[in-house]
Structure formats: C-alpha cells, structure tokens
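Reading the structure
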Amino acid sequence: MMKKKPYGYGGSSSRRETASCESKEEKSEWERRPGGMLVQKRIGKPEAPVANLRLRIAYGALRHDIYVSSTATFGEVKKVMSEETGLKVEEQRLIYRGKERENGEYLDVCGVKDKSKLVLIQDASSIERRFIQMRINAKIQTANRAINNVCLELDQLEEQVSVIDKSISNGVKVPEVQIITLIEMLMRQAIKLESISAEGDASAQKILQGKRVQKCVETLDILKASNATVKPVVVTTKWEIIHHSPPPTKWELFD
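A brief look at the structure comes next. Computed from a predicted model, the values in this text were never measured in an experiment.

Counting 23 residues, the largest nonpolar core has Ile 164, Ile 168, Ile 179, Leu 186 and Leu 220 as the members making the most contacts within it. Contributing elements (two or more residues each) for this core: helix H3 (124–169), helix H4 (176–195) and helix H5 (201–229). A per-element tally of this core places H3 first, with 8 residues. Sequence-distant contacts of Leu 220, defined by excluding residues within four places in its chain, comprise Val 161, Ile 164, Ile 179, Leu 182, Ile 183 and Leu 186.

Quick look at the structure:
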C-alpha cells in the first residue's frame, strides 16, 4: 500500500521562505526619502483621500495650532514649528503620548488624529550651544567696535602723516617734536590693537589695522631723517635784501 505524503511536503522550505520574507519586512520598515530623511516605509497606497489634521502643540507656556497632512512625518511637523518658534529641526523634541517621536515616523501610523495634542521641548544640548554661540557673538561685536574705534583714530593720524610728508617734500622743515609726538600716538593705537581679543573676520581686520600703524611709523622714520637735512627758510623783507641793514626809524627819515 502506498502511503500518502503529508500536506506538509516541502514544509521546511516554506518555513525558510516565510522567515526570509519576515526578515525582509523588518529590514524594509524604514526608507530614505530623496531629501535624505529616514521615514517609515508604507506598504501599498492609501485608498482614502489624504486628510489634513489640526494639531495642538504645547511649547512651554505657548500653544500653537498648525495644519498638516495626516500622512506627514514628525520631522515635517518640526519644520512647520521652526517657522513658529525659530527653533531649528535638530533643536526640537516632539512628544506624543508620553514618547519622543523620531523625525521619520508618520503621524497616522503613530495614531495621531485631528486635534491631537503634542508637546514640543527644546533639546537641552541645543540650549547650551545657543548660549555659547551668544557669548561668542557678543565677544565678536565687542572686538569689532574696538577695532573700528582704532580705525577712526588711524584715519586722522594718517592725514597728519600726509601733511608732514607734503611739507618736507616742499622743502619746509617741520618741528621734530611734531613727528615724535605723532609716532607716540601711533604706538598707542598699536597697544590698543594688541589688547583686543579677536577671532575670525575681526582677527583679520585687527591684522590689517596693525599693518596700517606699522606703515605710518615707518613713513615717519623716513620723514624724520629727511626733515633733518632740510634747511630752514629765512624770510627777509625787501629793504633787508637791498641794503643789508634794518630799515630806518621814523626819526632817521626826518634828520
């Protein structure tokens, strides 16, 4: 008598195929969108038309009502809240039903319905980063103001250097104390620049103003040497040039 094979013929192979399919489904629960966001993978297409949801989001003492698609992700909700709160997406944490939700999770898959309530919390690390950035910005602004003040002073000192340069070029001797005083004033500006703590663009501006000071001092050193060779011009009257003697007094004219 022939024995009938049980209905489970090839059962071990079927079980392997089933396990393989389940493994594939687990691996394909998430997919990456063209923009780079990792989201839950949907199976099939929704038959019903996509509805808009009105979400009530609490952020501290504030309450925000926003409208999004029921098929939107929590990451897309964060993008809307960025416009409302000024927080970046990476600075936000969205809580729904006592659980923090990932950016790629879909609202409808997580059970979010119309008028559902969500809680928005600013990430603690982002608060610290923002505070540090505020301190850095304040430091940069202080440095920029100090450098700008030095720049204005240098504008005036450069004009004085130019005036001295023209005078000596025209053969007019300049008092040496005037040149020495101007050099000292420039060196004071150099000391001010040295005391300014600057970074980034402010540091580049600080270096530029330092070069201006150096150039002015070098120019004055050259002018100082040139000024020493300039002979003072003696101004005489017409009478002195002709007679080589002082003009007669009033009484001498009537003698």
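A word on the packing of H4 against H5. Running from N to C, H4 and H5 cross one another at 165 degrees; their axes reach a closest spacing of 10 Å. The angle between H4 and H5 places the two elements in the roughly antiparallel class. Seen along the crossing, H4 lies across H5 with a hand that is left-handed. Where H4 abuts H5, its residues Glu 176, Ile 179, Ile 180, Leu 182, Ile 183, Leu 186, Met 187, Gln 189, Ala 190, Leu 193 and Glu 194 lie against Lys 206, Gln 209, Gly 210, Val 213, Cys 216, Val 217, Leu 220, Asp 221, Leu 223, Lys 224 and Asn 227.

On to the sheet that holds strand S6 (residues 99–100). The strand order across the open sheet built from 5 strands is S4-S3-S7-S5-S6, with neighbouring strands paired in mixed fashion. Whereas interior strands pair on both sides, the edge strands pair on one side only; in this sheet they are strand S4 (62–69) and S6. Taken together, the 8 bridges between strand S3 (residues 52–59) and S4 define a ladder with antiparallel strand orientation. For Tyr 59, the partnering residue across the bridge sits in S4 and is Leu 62. Across the sheet, helix H2 (residues 74–85) lies against S3, S4, strand S5 (92–96) and strand S7 (117–122), angled at about 135 degrees from S4, the strand it touches most.

This part is about the pairing of S5. Extensive coverage of S5 is indicated by the burial of 4 of its 5 residues. Taken together, the 4 bridges between S5 and S7 define a ladder with antiparallel strand orientation. Bridging across to S7, Arg 93 finds its partner in Ile 121. Examined bridge by bridge, S5 and S6 share 2 bridges and lie antiparallel to one another. Each residue of the ladder has a partner; that of Ile 95, found in S6, is Glu 100.

Further remarks concern the packing of H3 against H4. The geometry of H3 relative to H4 is characterised by a closest axis approach of 11 Å and an angle of 155 degrees between their N-to-C directions. The angle between H3 and H4 places the two elements in the roughly antiparallel class. Every pair of crossing elements has a handedness; the one defined by H3 and H4 is left-handed. Counted together, Val 150, Glu 153, Leu 154, Leu 157, Gln 160, Val 161, Ile 164 and Ile 168 of H3 and Gln 178, Ile 179, Leu 182, Met 185, Leu 186, Gln 189, Lys 192 and Leu 193 of H4 form the full contact between these two elements. Per-class residue counts for the contact of H3 with H4 are 11 nonpolar, 3 polar and 2 charged.

This next bit is on the pattern of salt bridges. Counted by the stated rule, this structure contains 8 salt bridges. The shortest N-O distance in the salt bridge between Asp 65 and Arg 54 comes to 2.9 Å. You can see Asp 65 sitting in strand S4 and its partner Arg 54 sitting in strand S3, a full 11 residues away along the chain. For Arg 54, a relative accessible area of 25% puts it in the partly exposed group. The partner of Arg 93 in a salt bridge is Glu 100, and the shortest N-O contact between them spans 3.2 Å. For Arg 93, a relative accessible area of 29% corresponds to the partly exposed category. One connected set of salt bridges, linked through shared partners, spans Asp 155, Glu 158 and Arg 212.

Moving on, we get to a nonpolar patch on the surface. Taken together, the side chains of Phe 131, Ile 132, Ile 136 and Ile 140 make up a nonpolar region of the molecular surface, amounting to roughly 330 Å² of accessible area. Here Ile 132 lies in helix H3. Overall, the relative accessible area of 41% leaves Ile 132 in the partly exposed class.

Cut-off values and rules
- Residues numbered from 1 in each chain as written.
- Predicted model: local features only at pLDDT ≥ 70, side-chain atom pairs only at ≥ 80, totals over all residues.
- Heavy atoms only, no water.
- Core = buried A, V, L, I, M, F, W, Y, C linked by side-chain atoms within 4.5 Å.
- Buried < 20%, exposed > 50% of the residue type's maximum accessible area, 1.4 Å probe, protein only.
- Helix = DSSP H or I, 4+ residues; strand = E, 2+ residues; numbered from the N terminus.
- Contact = heavy atoms within 4.5 Å.
- Axes fitted to C-alpha atoms, helices over the stretch in contact; angles between N-to-C directions.
- Parallel < 35°, antiparallel > 145°, perpendicular 65-115°, else oblique.
- Left-handed = near helix turned anticlockwise from the far one by under 90°.
- Pairing = 2+ DSSP bridges.
- Nonpolar A, V, L, I, M, F, W, Y, C, P; charged D, E, K, R; others polar.
- Salt bridge = Lys/Arg side-chain N within 4 Å of Asp/Glu carboxyl O.
- Patch = residues over 30% accessible without salt bridge, like charges linked within 9 Å, V, L, I, M, F, W, Y side chains within 5 Å.
- Areas by Shrake-Rupley, 256 points an atom, 1.4 Å probe, with all protein chains shown as cover.

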